[in-house]
Each structure stands twice: as C-alpha cells, then as structure tokens.
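# Fold and geometry: a report
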Amino acid sequence: MSTTSTTYLELSQDGGGAHKFYEVTVAGQVVSVRYGRIGAAGQTQTSTFATPQKAQAAAAKKVGEKVRKGYAPAVPGQRAPRAVTRRQVSSAPSTARAVAPVLWRFRTGSAAFGIHVDADRCWVGNQSGDVYTLDHAGEVLARYSLPDGVKCLVADDFWIYAGCDDGRVYDLSSKLPFAAYDIAADVDIFWLDIHEGVLNVADRGGRLTVIDHEDEHQWSRGGRGEHAWMVRADDRAVYHGHSSGVTAYAPDGGGELWHTRTRGAVLFGWQESDAVYAGTGQRVVQRLSKTDGALEATYACDSAVYSCATSPGGRFVFAGDAASSVYCFDRDGTRLWKLGTGGGSALSMQYHEDRLYLVTTDGSLVCVDASEAAITAAQQGTVPVARDVKLAAALPTYAPATAVASVTTVTAAPAGAVVVECVQEGGRMRVHVVSDGYERAWRVQFPRAIREPGARYVVDALHPASGGFYRVRGDIRRLL
C-alpha cells in the first residue's frame, strides 16, 4: 500500500509583498501541487511518474526550489489571509437642479464597479461577486456567481472577463465560467484590461503586470506612482494611470514611451483610438494624446471624478463624480449639462447608442436616455418614470468549475463539436485541439481547475485569437 506525504510551505513578506503558499503531496506515483494566496483554495496541478521513487524525487526538487526562494514550513490556517483592498469611496447627494432621464434601474444589492455594454447585453458586476446580464430593455437574463468581489468587467472581442478580489480573472463567455488568468499572490488588483489575449493588471502599489493568454507572466514595471486605478491597452502601448499621472509603456515591455502628470491622482481611465481620458481626484477629466502624452483638453467637474466615458470617436465626453452627478461635455471641453443620477455616484460607465449606462455606489445598473431630446426635457424638469427591474423567479445561475466532477461527461462528441486534449509539456499541462481543421500547434485557453493528464474534453466551438491561440465558446464536457 502506498503512503501519502504532504509538505506545506508559506512565503509571507512584510509591507504588502508576497503572501502565498505552496503544498506538495505525494501519493505513490502521483505528485499534486497546490499553490496560491494564503487563505485561498488555490490551484492544483497533478503529475504521474513512472515509479514512486521518481515521484518522491520530483516532489523533493519542487520543495527545494521553493525553499531556496524563501518559502518555509508552516501550518495551514495559522497565518491569516492578507486583506484585499476594496475601493473606499464616498458619495454625496447631487447638487444638480435636475435628475437624469433614467429609463430603468437594476439594484444588485452591493456596490458595483464592473460594467460592459455591447450590442446584445449589459453586464454588471458587484462587490458580492455577482455578475448579471440584462438586455437593453432591462430584462435580467442570467447570473454568474463568482468567489469574490468583482473589481471590473472587460471585453476582448466578444469574450467577457471579470477581475475579482480573489486574484483571478474569470472568462464569462460560456455557461461554465473559468479562471483564465491567476494573478500573482502579491498583486492586489485595482484594474485590468485585456487586449488580444494579453492581460494588463494595475495594482495597489502602482505596478503594471502583463500576462499572456496561457497565464504566464511576461513582464512587469514599478510605476511612477501608487494606487493605479487605470490601465488601458492597444497595439501601440499600455496606458497606466496612477497617483502621479499617466505613463505609456511599449506593449512588449521594451520601456517607457511617455509620462504625463495629470491634475490630481487618476481614479479612472477610458480610451479612444487616438486618445486616453483620465478622471482625477482634482475634479477633472483630461484627454491625452496617445502619440506623445500631450494634454489636448480638460473637462472640469464640481467634485472628484470616479468614472468617465465617451461616445464613439470622443464626440461627447461623460463623467461621473463623487456627488452623484453625471456630466456631458463637447469634445473641446465645453460643459453641455450636469444632472443628478437619482441614486449613488457612478463608479463606472459606458455609452451605447444614445444611452449612458452607469454602475453606482448603491449597487445599481442605471440606464440613462442620453439623447438630446431627453436631456433637454430633463433640464426643464420632465423625466420618465424609472422602471425598477426585478429578478426573474427562475434565473439561470452559473458558477466556476472547481473540479473535474463538476463538468458534465459524454461518451461521444456531438456533431459539430470540437475535441481538445490535455498534454504534459515541459512540466506544464497544455491543451491542444484534436479535431480536424485546426492548427494543431496552437494552444487553447482552458480552465485550469479541470485539466487532467491525457483527458479529452468536448467544447461547442473554438475561435482563433490574435497571438496564435484558441478561445472556448459554449459548454465544456468531459469525453469518456
């Protein structure tokens, strides 16, 4: 009978540094490695060796590598998890004379930072870990239940990702949400952006961390400031906003391209094709040229700016302040209107086809009619009666998979489905396409929690992404 042995190590540094664990378990020929932030379940990777002796040797090597990096033996549960920074914001009543023309309002029950709006759906994520999708009429379609608070929602083409306080970034593009990226244990996420599969993370310490689609660290930079609440990315640069302004870096980590000091610490960021917009604590939104960081325009508000957005091309610039007001400016900086939100302060926003969508400190997703006629009527005191959206009695709810057992099994791949296979490569578990018609050398962005050596899975569809990898669309089932 084989015996089981477990070695548990921790690395905890003062001053907000690393706070993570590493556990190695040997059971006969199988070595399981579990790692992550102290207090969290972490991720598990399992490898099988030819003999128990080779498994023991591999485990000893892994433990030795960690000890040399400063890890030390510890007892699980004795050291408390490090507190995660949750954005502390205040919200005062609006000083605007009129209230915005709110068409509908959906109350999520907890302060909300995450928002994404596209042609089909509106997404909202709150600090309780709930993500809801609604149509543009305000009907709730589904709920995703994530393990921790949602910092932000971002889209990369038609894939939707949620950055959470547990240090992971979840792909919500199918019925089975999964952790597509696992941020380093010493990174306290403030904001993130994804561009062509590359994840860009801004954190509490003002650092910028860049990770590729396979969840492998690419490069990082210590920022010029702290509390980096802005990161945006495109083909030419990564734009990093923090307490000392906005800094642009080359996408490949080649160095700083430009730095511009803003009027006050950056609290939010937006981008258009040729400019980035920084909302600051000194009551302004500032438009900076992507080419050289030159200040092109300033949009003055009456309180600290928590969020901003633009209509396509930057024709109109919108801002939400700490006093529950929302503003609209012309491109040159002329203030066109200021209205109350009718609720809390807007922590994030997005414009879509004459409507302005806000997520607020009171946990609401608010749809505002931003058409010229509606705003003119609102300024004269005429606004529609806002409809309070209610949850459906039987709302579909989806949660991330945590083990193979949570994935449906099938005995054959349905017509039109795609088969992928888990393969051990260089000490890491990779996923490749088995079905014909795909580039076999490309890898698949796939849930780490359900990967097993040699296992095959059936997915509804795979779509190629820039950078030479595939993304999953639809359900994931294990093929027996």
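Per chain, residue numbering runs from 1 following the sequence as it is written. Only residues with pLDDT of 70 or above have their local features reported here, since the model is predicted, and side-chain atom pairs are shown and tallied only from 80 upward, although totals for entire chains, interfaces and linings are computed over all residues. Side-chain metrics in this entry use all non-hydrogen atoms of the structure; hydrogen atoms and water are not considered.

## Considering the overall build of the protein
Check the secondary structure of the protein and you find two helices and 41 strands. A compact globule built from 480 residues would reach a C-alpha radius of gyration of about 23 Å, and the protein, at 24 Å, matches this within 12%. A principal-axis box enclosing the C-alpha atoms of the protein has dimensions of 80 × 50 × 40 Å. Here the protein holds 480 residues, and 55% of them are scored as buried. Residue contacts are defined here by distance: any two heavy atoms, one from each residue, within 4.5 Å place the two residues in contact. Relative to all contacts within the protein whose residues are 6 or more apart in sequence, the contacts with residues 24 or more apart total 49%. To measure how exposed things are, a 1.4 Å probe is used in the Shrake-Rupley method; for residues, cover is taken only from the protein chains shown. Summed over its atoms, the accessible surface of the protein is roughly 20,000 Å², and 48% of this surface lies on carbon and sulfur atoms. In this charge count, Lys and Arg are treated as positive and Asp and Glu as negative; neither His nor the chain ends contribute. To locate a charge, the coordinates of NZ of Lys, CZ of Arg, CG of Asp or CD of Glu are taken. Positive and negative side-chain charges in the protein, numbering 50 and 51 respectively, have mean positions lying 5 Å apart. Starting at the N terminus, helices and strands are each numbered in turn, a helix being any DSSP run of H or I of at least four residues and a strand any DSSP run of E of at least two. Only the C-alpha atoms count toward the radius of gyration. The rule for a globule is 2.2 Å times the residue count to the power 0.38. Here the term buried applies to any residue with accessible area under 20% of the maximum for its type, exposed to any over 50%, and partly exposed to those in between, with areas from a 1.4 Å probe on protein chains only.

## Looking at the nonpolar core
Counting 66 residues, the largest nonpolar core has Tyr181, Leu199 and Leu356 as the members making the most contacts within it. Ranked by residue count, the leading element in this core is strand 15 (residues 189-195), at five residues. Once residues lying within four places of it in the same chain are set aside, the contact partners of leucine 199 are Val169, Tyr181, Ile183, Leu192, Asp193, Ile194, Thr209, Val210 and Ile211. The next biggest cluster of nonpolar side chains, apart from the first, holds 19 residues, and it includes Met429, Tyr457, Leu462 and Val472. Nonpolar cores are built from buried Ala, Val, Leu, Ile, Met, Phe, Trp, Tyr and Cys residues. Side-chain atoms within 4.5 Å join them into one set.

## Quick word on empty space enclosed by the protein
The rule is simple: put a 1 Å grid over the protein atoms alone, call a set of points where a 1.4 Å probe fits but cannot get out a cavity, call an open set with protein on both sides within 12 Å along at least five of seven lines a pocket, and count a residue as lining if it has an atom within 4 Å of a point. Grid points are joined across faces, edges and corners, and a volume is the space filled by probe spheres set on the points. In the structure shown here, the tally under the stated rule is one cavity of 30 Å³ or more. Of the voids in this model, the largest cavity is the one considered here, and its volume is about 40 Å³. Together, Ala179, Ala180, His213, Glu214, Asp215, Val444, Gln445, Phe446, Arg448 and Arg451 line the largest cavity. Mapped by element, the contributors of at least two residues to the lining of the largest cavity are strand 14 (178-182) and strand 39 (443-445). Taken together, the residues of the lining of the largest cavity break down into four nonpolar, two polar and four charged. Any residue that is not Ala, Val, Leu, Ile, Met, Phe, Trp, Tyr, Cys, Pro, Asp, Glu, Lys or Arg is counted as polar, Gly included; the first ten are nonpolar and the last four charged.

## Regarding the sheet that holds strand 25 (residues 284-289)
Taken together, four strands build an open sheet; the order of strands is 23-24-25-26 and the sheet is antiparallel. What marks the edges here is a single partner per strand, and that holds for strand 23 (266-271) and strand 26 (295-300). Here the average twist between neighbouring strands, direction ignored, is 20°. At least two DSSP bridges between two strands are required for those strands to pair. As paired strands, strand 25 and strand 26 are joined by five bridges and run antiparallel to one another. Opposite arginine 287, over in strand 26, you have alanine 297 as the bridge partner. Under this scheme, a helix contributes an axis fitted over its contacting stretch, all axes are lines through C-alpha atoms, and angles between N-to-C directions fall in the 0 to 180 degree range.

## Points about the pairing of strand 23
Summarising burial for strand 23: six of the six residues are buried, a large majority. Bridging between strand 23 and strand 24 (residues 275-280) involves five bridges; their strand directions are antiparallel. Pairing of phenylalanine 268 across the sheet is with glycine 279, part of strand 24.

## Regarding unusual backbone geometry
Even without being a glycine, arginine 283 presents a positive backbone phi close to 70°. Looking at where arginine 283 falls in the secondary structure, it is placed in the loop between strand 24 and strand 25. Its relative accessible area of 47% is what places arginine 283 among the partly exposed residues. Here serine 324, not a glycine, exhibits a phi torsion of approximately 60°, which is positive. With respect to the helices, strands and loops of the structure, serine 324 is situated in the loop between strand 28 (316-321) and strand 29 (325-330).

## Considering the sheet that holds strand 33 (residues 364-369)
Taken together, five strands build an open sheet; the order of strands is 31-32-33-6-34 and the sheet is mixed. Edge positions in the open sheet fall to strand 31 (346-352) and strand 34 (387-388), since each of these has one partner strand only. Of the pairings in the sheet, the one linking strand 6 (residues 102-107) to strand 34 comprises two bridges and is parallel in character. When the sheet's bridge partners are listed, tryptophan 104 is paired in strand 34 with arginine 387.

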